[in-house]
Amino acid sequence: MALSYGLFICLLLWGSMELCCPQPLWQGGARHPVPSKPPLVVECLEAQLVVSVSKDLFGTGKLIRPADLTLGPEACEPLVSADMDDTVRFEVGLHECGNSVQVIKDVLVYRTFLLHKPRPVGNLSIVRTNLAEVPIECHFPRSGNVSSQAILPTWVPFKTTVFSEEKLVFSLYLMEENWSAKKRFPTFQLGDIAHLQAEVHTGSHVPLRLFVDHCVATPTPDWNASPYHTIVDFNGCLVDGLSDASSAFKAPRPGPETLQFTVDVFHFANDSRNTVYITCHLKVTPADRVPDQLNKACSFSKSSNSWSPVEGTADICQCCNKGSCGIPGRSRRLVEQWHQSASRSRRHVTEAADVTVGPLIFLGKARDHGVEGSTSSFTSVMLGLGLAMVVTLTLAAIVLGVARRRQAASHPVMCPVYASQ
């Protein structure tokens, strides 16, 4: 991210071109003039993503180099451009460059990011522009036929086919602290707690119970990226609560189709990016099925040094201590292979899905040391001023009391005496 501007651009494009100018999350340093045109323009076409980046990306007059720009987790390079061009252009397919796709209710969301990673020129060891990662999203309606060809009367409409196969819609949201609404701004500071809510929309389906089978946090939308941090593992064990965190599932549930949990906010050490994405594998079982070791929601309590389930008997959480709950050695990579084989064998039954929420944005990560230093200095100054004020007021009170006593001693009070006859 651009450290002096807090550059964050989220482009929500509903099947047609819309532009979104960067809005700074916080201001630091001197103000710079707002550029006359957007620094980033995105076109979401039917099968292609076109990104045009101004060489004056930060609006400071210092031009970036095209070689420092890449798109997506696979670091796709831009098109070749002349030195006199003031824009850098990317043209890639929606499924290229490692772009991720997610189904959110009636919308298909394609996610990627533009990365500006400046490198020293020649033999120099300095750079004059900031590292920046700009998330990009393209939103398309999921219902309806997206083909430009006419539908023949003998065909089965695409919309009908989708709704007959996609019976369940899985979602994962960031919520406000009181769980009353979705979080408006995904900004956090270390020490905060993220409130997450997983849901499944069952429609006319039989009653179902939702479980969070596995969750992993990464600095990009690609859940196979490194570094990563496992939050939920072993078919519903919230293992993040084993560390110095208070992460836990919330009990009781609001309903069988909803599961809420909290995660203590963190960031990746030795990583300059201040974004975190959380990807969870959600699954459902019939609501009347008793929870077991493969379908559970277990939290670790440090006070009792034990695991406890949201529902069901306590023994279903005992496997969390062993690190194996039904599938021996089920690592993060094996889960991916299981997802692929399961998707091939259950093409018409969507009883599980991988859902990503993010980015969670951390304010001031790159300035932690500076902020701590300035806060410490400010606190010291305020403490000194407070002590000086207390001492001054105390001395003033003592001097005033002494002066009043001397005045009373130098002017005795004469009481009148009356004689009775």
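Rules of the game
- The residue numbers shown here count from 1 along each chain, following its written sequence.
- Local features in this predicted model are restricted to residues of pLDDT 70 or higher, and side-chain atom pairs are both shown and tallied only at a pLDDT of 80 or more, whereas totals for entire chains, interfaces and linings draw on every residue.
- Only hydrogens and water are set aside; all other atoms, that is, all heavy atoms of the structure, feed into the side-chain values.
- Cysteine sulfurs are considered disulfide-paired once they come within 2.5 Å of each other.
- Each helix corresponds to a stretch of at least 4 residues labelled H or I by DSSP, and each strand to a stretch of at least 2 residues labelled E; elements are numbered beginning at the N terminus.
- For every residue, the accessible area obtained with a 1.4 Å probe (protein chains only) is divided by the maximum for its type, and the residue is called buried under 20%, exposed over 50%, and partly exposed between those limits.
- Here, the term nonpolar core denotes a set of buried Ala, Val, Leu, Ile, Met, Phe, Trp, Tyr and Cys residues that are joined through side-chain atoms within 4.5 Å.
- Working rule for contacts: check all heavy atoms of both residues, and any pair within 4.5 Å makes them a contact.
- Whether two strands pair depends on DSSP finding at least two bridges between them.
- Between the rings of Phe, Tyr and Trp (Trp by its six-membered ring), a pair exists once the centres lie within 6.5 Å; its type follows the angle of the planes, with under 30 degrees stacked, over 60 edge-to-face, and the other angles tilted.
- Note on criteria: charge over ring means Lys NZ or Arg CZ within 6 Å of the ring centre, with the direction from the centre no more than 35 degrees off the ring normal.
- Only C-alpha atoms enter the line fits that serve as axes; for helices the fit covers just the stretch in contact. Angles between N-to-C directions range over 0 to 180 degrees.
- Each polar contact in these results corresponds to two N or O atoms within 3.5 Å; when the atoms are within protein, one needs to be able to donate a hydrogen and the other to accept it, and residues that are neighboring in sequence are counted only if both atoms are side-chain atoms.

A short note on the state of the cysteines
One pass over the full model with this rule turns up six disulfides. The disulfide bridge from Cys44 ends at Cys138, spanning 1.8 Å between sulfur atoms. Judged by the torsion about the S-S bond (-70°), the Cys44/Cys138 disulfide is left-handed. Taken together, the residues Cys44 in strand S2 (residues 40-44) and Cys138 in strand S8 (residues 132-141) connect sequence positions 94 residues apart. A disulfide bridge connects Cys319 with Cys325, and the sulfur atoms are separated by 2.0 Å. What sets the handedness of the Cys319 and Cys325 disulfide is the S-S torsion sign, and at about 100° it is right-handed. The buried category is assigned to Cys319, whose relative accessible area is 3%. Sequence-ordered numbering of the bonded cysteines in the protein gives a pairing of 1-4, 2-3, 5-7, 6-11, 8-9, 10-12.

As for unusual backbone geometry
Here the bond from Ser226 into Pro227 is cis, since omega is 0°, no more than 30 degrees from zero. Summarising the element assignment, Pro227 is placed in the loop between strand S12 (208-218) and strand S13 (229-232). Cis geometry marks the peptide bond from Ala251 to Pro252; its omega dihedral reads -5°. Backbone geometry places Ala75, a non-glycine residue, at a positive phi of 55°.

Focus on the nonpolar core
Across soluble globular proteins, nonpolar side chains have a tendency to be buried as a group. Ranked by internal contacts, the top residues of the largest apolar core, which has 35 residues, are Leu196, Val212, Phe249, Phe261 and Ile278. Going through the elements one at a time, strand S9 (169-175), strand S11 (193-201), S12, S13, strand S15 (258-264), strand S16 (275-286) and strand S19 (352-362) are the ones with two or more residues in this core. Ignoring anything within four residues of it in the chain, the contact list for Phe249 reads Val212, Val232, Gly236, Leu238, Leu259, Gln260, Phe261, Ala297, Cys298, Ser299 and Val310.

Overview of the sheet that holds S16
Pairing within the open sheet is mixed, and its five strands lie in the order S10-S19-S16-S12-S13. Lying at the two open borders of the sheet, with one neighbouring strand each, are strand S10 (187-188) and S13. As paired elements, S12 and S13 share three bridges and run antiparallel to each other. Bridge assignment links Cys215 to a residue of S13, and that residue is Val232.

Description of the packing of aromatic side chains
Tallied over the entire structure, the rule returns four aromatic pairs. Judged by centre distance (5.9 Å) and plane angle (85°), the rings of Tyr110 and Phe140 are edge-to-face. Placement of Tyr110 in strand S7 (residues 107-116) and of Phe140 in strand S8 is noted, with a sequence separation of 30 residues between them. No difference in accessibility class separates Tyr110 from Phe140, as the two residues are buried. Between the aromatic rings of Phe266 and Phe268, the centroid separation amounts to 5.9 Å while the plane-to-plane angle is 85°, which identifies the pairing as edge-to-face. Residue Phe266 is classed as buried on the basis of its relative accessible area of 18%. In this structure Phe268 comes out as buried when scored by relative accessible area, which is 9%. Across the ring face of Phe188, the terminal group of Lys183 is positioned such that the distance to the ring centre comes to 5.0 Å. Seen from the ring of Phe211, Arg253 lies directly overhead, with NZ or CZ sitting 5.2 Å from the centre.

Brief notes about the sheet that holds strand S5 (residues 87-93)
Taken together, three strands build an open sheet; the order of strands is S2-S3-S5 and the sheet is antiparallel. With one partner strand each, in any of the chains shown, S2 and S5 form the two edges of the open sheet. Adjacent strand axes in the sheet meet at a mean angle of 10°, parallel and antiparallel pairs treated alike.

Remarks on the pairing of strand S6 (residues 100-104)
Pairing between S6 and S7: five bridges, direction antiparallel. Counted as the bridge partner of Val103 is Leu108 from S7. Adjacent in sequence and paired antiparallel, S6 and S7 are bridged by two residues, among which Lys105 carries a positive phi angle near 55°.

Focus: the environment of His195
Mapped onto the secondary structure, His195 falls in strand S11. In this structure His195 comes out as buried when scored by relative accessible area, which is 11%. In the structure, His195 is positioned 21 residues away from Leu174 in sequence and 5.8 Å away in space, judged by C-alpha atoms. Dropping the residues within four chain positions of it, His195 is found in contact with Tyr173, Leu174, Met175, Glu176, Glu177, Trp179, Phe261 and Thr262. Among the polar contacts made by the side chain of His195, one reaches the main-chain carbonyl oxygen of Ile193 at a distance of 3.3 Å.

In short, shape yes, function no, at least from these values alone.
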